[in-house]
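Now for the letters of each chain:
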Amino acid sequence: MVNAGTVLSHHTYIGNFVTCGPNVAVASRTTVGDRTLLGVSACTRPQAAIGNDCTVGAGAAVRESVTSHSTVVGNPARLPTSDTEAHMIPQSDWSRNSIW
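J.: What am I meant to see in the sheet that holds strand 5 (residues 31-32) here?
T.: Through backbone hydrogen bonds, the strands of a sheet pair up, either in parallel or in antiparallel fashion. If you walk across this open sheet you meet the three strands as 2-5-8, and the pairing is parallel. Two strands in the sheet have a free side with no partner beyond their single neighbour: strand 2 (13-14) and strand 8 (49-50). The sheet contact formed by strand 5 and strand 8 spans two bridges and is parallel. Residue valine 32 lies in a different strand from strand 8, and its bridge partner there is isoleucine 50.

Rendered as structure tokens:
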């Protein structure tokens, strides 16, 4: 499924059951594997390869190949780390740490 504003360049291979969010840009000679989701405004560099069953987060910029069964986020696209979780307040603590 390809949404509005998506650009697929020449010599691009898109696998089966791929979903491209709005405003995705897939550069030339890029391969996108089966059952992959490309989030809103995600983009790739030329000759990037995205494996099967991947998720590319909204706004992610894929500069290198992404192995199958991976989720990548950010610019440049990378695997999420547990460091982000360290800065989050657990839901059970919301009332004690509320700024309201």
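Continuing now.
J.: Got a minute to help me understand the pattern of salt bridges in this structure?
T.: A side chain with one charge can pair with a side chain of the opposite charge if their charged atoms come near. Under the counting rule described, the total for this entry stands at one salt bridge. Here arginine 35 ties to aspartate 53 by a salt bridge, and the two come within 2.7 Å at their closest N and O atoms. Here arginine 35, found in the loop between strand 5 and strand 6 (37-38), pairs with aspartate 53, found in the loop between strand 8 and strand 9 (55-56); they are 18 residues apart in sequence, far enough to count as distant.

What counts, and where the lines are drawn
Residues numbered from 1 in each chain as written. Predicted model: local features only at pLDDT ≥ 70, side-chain atom pairs only at ≥ 80, totals over all residues. Heavy atoms only, no water. Pairing = 2+ DSSP bridges. Helix = DSSP H or I, 4+ residues; strand = E, 2+ residues; numbered from the N terminus. Salt bridge = Lys/Arg side-chain N within 4 Å of Asp/Glu carboxyl O.

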